[in-house]
Amino acid sequence: MRFIHTADWHIGRHFRFVHDAHRQSVLKQARIDAIQRIAALARQHGAGHVLVAGDVYDAVDVGDLVLRQPLERMRDAAPLRWHLIPGNHDPDRPGGPYDRLARLADLPPNVLVHRSAEPIHLDQGVVLLPAPLQERAQDHDPTGWMDHALTPEGAMRVGLAHGPVTDFGRLEHAERQPAHNLIAPDRPERAGLDYLALGDWHAPLRIGPRIWYAGTPEADGFGRVERGQALVVEIEGRGAPPSVLPLPVGRYCWRTEQAVIEDAASVDALLERLRALPVDDGLGHLCLCLRVQGALSLPDRARFEDRLVAWLESALAYLRLETDGLHDAPAADDLDAIATSGAIRLAAERLDARSRDPDDPDCDTARAALRLLYGEQRRARPS
């Protein structure tokens, strides 16, 4: 038995940290397009089923277009069969996405939505035990019923669920909220499962030999995984150890880079380094968090902004620039380039003094104003 394990598609997700409407649209579309790459992965490896372990949608109130778009991608992949369960972002509530899907007259026949915790015939000698969520946060283990689920003698038992495991928890929110939908990490042993396919954690993670998180097919932030993946799972027979192969399916790469820059040469060196980053399909598919430290003169800071930052903004899919550790270090010549006398020179000197005073609550504003003044005077000066 060979199948694809995926989860956490979050179709319709709004990226709150992305303020450009076009980039927002591109990242949203990527989550839909990932379905076609998952289907290609299934065909490549001869898998007849895709198990989607919850959070197909990002919310319970998605619009009609968002509701239907993934269905058409899955329909196009027939005869591949897709098995969906509700997760904590899209629980099976009245009027929610799965309630609406059940009322569709044209639901693709190769898309199976499992809304009940009951055994389902998956393939010859293979039974699926789905654990759909009816609530966003529930106090009991959604996989507990699997311990007593009756299946044919000798049939492989595959669980499908969404939630954190007991010794894993919701690490990113551990100090802010209690974990819900807790799943026992030894559920495969308790319930005699050959494999337990989980969703909730957004990076591939092996909890035990028979229990994995698939992660999200499109990475959705910095820090967990650079590129979204899906799992190719193969089980030779009842009781056999599963073979699990994580493979990339995400179109966008999310990477963090750090640099120290101190002069024009280091700015240019950073530019060349970033241009040479190895990214599948080119830098247009790179989401980059760039953390920069150092101190630059005003001309070198202008070079950084005009040459490096402007190029990154146009070349990348998304740029998050963190410059808290980058400071201006204006030289006397920099102030002379603004003005050698008069009111403008006096303003430049005052801004310079305030920008160098760490106790001044407006020192950052003074730095920005001095850079702006330098830029305006440079543009106003005949070339």
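Residues numbered from 1 in each chain as written. Predicted model: local features only at pLDDT ≥ 70, side-chain atom pairs only at ≥ 80, totals over all residues. Heavy atoms only, no water.

Draft legend 1. Local environment of the packing of helix H5 (residues 264-275) against helix H6 (residues 298-315). Viewed as axis vectors pointing N to C, H5 and H6 meet at an angle of 10 degrees, and their least axial separation amounts to 9 Å. As summarised for this structure, H5 and H6 are arranged roughly parallel, according to the angle between their axes. Contact with H5, carried on its side by Ala-264, Val-267, Asp-268, Leu-270, Leu-271, Leu-274 and Arg-275, involves Asp-300, Arg-303, Phe-304, Arg-307, Leu-308, Trp-311 and Leu-312 of H6 and no other residues of that element. Among the residues forming the contact of H5 with H6, the class breakdown is 9 nonpolar, no polar and 5 charged. (Axes fitted to C-alpha atoms, helices over the stretch in contact; angles between N-to-C directions. Helix = DSSP H or I, 4+ residues; strand = E, 2+ residues; numbered from the N terminus. Parallel < 35°, antiparallel > 145°, perpendicular 65-115°, else oblique. Contact = heavy atoms within 4.5 Å. Nonpolar A, V, L, I, M, F, W, Y, C, P; charged D, E, K, R; others polar.)

Draft legend 2. Structural detail: the sheet that holds strand S2 (residues 49-52). Strands sit in the order S4-S3-S2-S1-S11-S12 across an open sheet of 6 strands; the sheet is mixed. Because the sheet does not close on itself, it has two edges, and the strands there are strand S4 (111-113) and strand S12 (243-248). On average, adjacent strands in this sheet sit at an angle of 25 degrees to one another, irrespective of strand direction. Running at roughly 155 degrees to strand S1 (residues 2-6), helix H1 (residues 21-44) makes contact with S1, S2, strand S3 (81-84), strand S11 (229-234) and S12 of the sheet. (Pairing = 2+ DSSP bridges.)

Draft legend 3. Broad picture of the pattern of salt bridges. Inspection of every chain in the model, using the stated rule, returns 26 salt bridges. Put simply, Asp-64 and Arg-100 hold a salt bridge, and the shortest N to O gap is 2.7 Å. Of this pair, Asp-64 sits in helix H2 (residues 64-76) while Arg-100 sits in helix H3 (residues 97-102); the two residues are 36 residues apart in sequence, bridging distant segments of the chain. (Salt bridge = Lys/Arg side-chain N within 4 Å of Asp/Glu carboxyl O.)

Draft legend 4. Fine view of the environment of Glu-135. For Glu-135, the position within the fold is in the loop between strand S6 (126-130) and strand S7 (156-162). Between the alpha carbons of Glu-135 and Arg-206 there is a distance of 26 Å; along the sequence they are 71 residues apart. If sequence neighbours within four positions are ignored, Glu-135 has contacts with Pro-91, Arg-93 and Asn-181.

Draft legend 5. The pairing of S2, seen in detail. Side chains His-49 and Leu-51 of S2 all project onto a buried face; the interleaved residues Val-50 and Val-52 project onto the opposite face, where all are buried too. In the sheet, S1 pairs with S2 via 4 bridges, with the strands oriented parallel. Bridging across to S2, Phe-3 finds its partner in His-49. Both S2 and S3 contribute to a ladder of 4 bridges, which runs parallel. Paired with Leu-51 across the strands is His-83, a residue of S3. As for the winding sense of the linkage, the β-α-β connection from S2 through H2 to S3 is right-handed. (Buried < 20%, exposed > 50% of the residue type's maximum accessible area, 1.4 Å probe, protein only. Right-handed = clockwise from strand over helix to strand, strands pointing away.)

Draft legend 6. Region of interest: the packing of aromatic side chains. Under the defined criterion, the tally for this structure stands at 10 aromatic pairs. Summarising the aromatic geometry, the rings of Phe-15 and Trp-254 are spaced 6.5 Å apart at their centres and angled 20 degrees between planes, so their arrangement reads as stacked. With Phe-15 in the loop between S1 and H1 and Trp-254 in strand S13 (residues 253-261), this residue pair connects regions lying 239 residues apart in the sequence. Assessed through its relative accessible area of 1%, Phe-15 is described here as buried. Between Phe-17 and Trp-254, the aromatic rings sit 6.1 Å apart at their centres with planes inclined by 85 degrees, giving edge-to-face as the arrangement. On the criterion of sequence distance, the pair formed by Phe-17 in the loop between S1 and H1 and Trp-254 in strand S13 is long-range, its members being 237 residues apart. For Phe-17, a relative accessible area of 23% translates into the label partly exposed. Clustering of aromatic rings is evident, with ring pairs tying together Phe-15, Phe-17, Phe-222, Trp-254 and Tyr-318. Sitting over the ring of Phe-15, Arg-13 keeps its end group 5.0 Å from the ring centre. Here Arg-320 stacks its cationic end above the ring of Phe-17, 5.2 Å away from the centre of that ring. (Phe/Tyr/Trp six-rings, centres within 6.5 Å; stacked < 30°, edge-to-face > 60°. Lys NZ or Arg CZ within 6 Å of the ring centre and 35° of its normal.)

Draft legend 7. Geometry of unusual backbone geometry. Look at the link from Ala-78 to Pro-79: it is a cis peptide, with omega at 15 degrees. Positionally, Pro-79 belongs in the loop between H2 and S3. Backbone geometry at His-10 places phi at a positive 50 degrees, although glycine is not the residue there. Here His-10 is to be found in the loop between S1 and H1.

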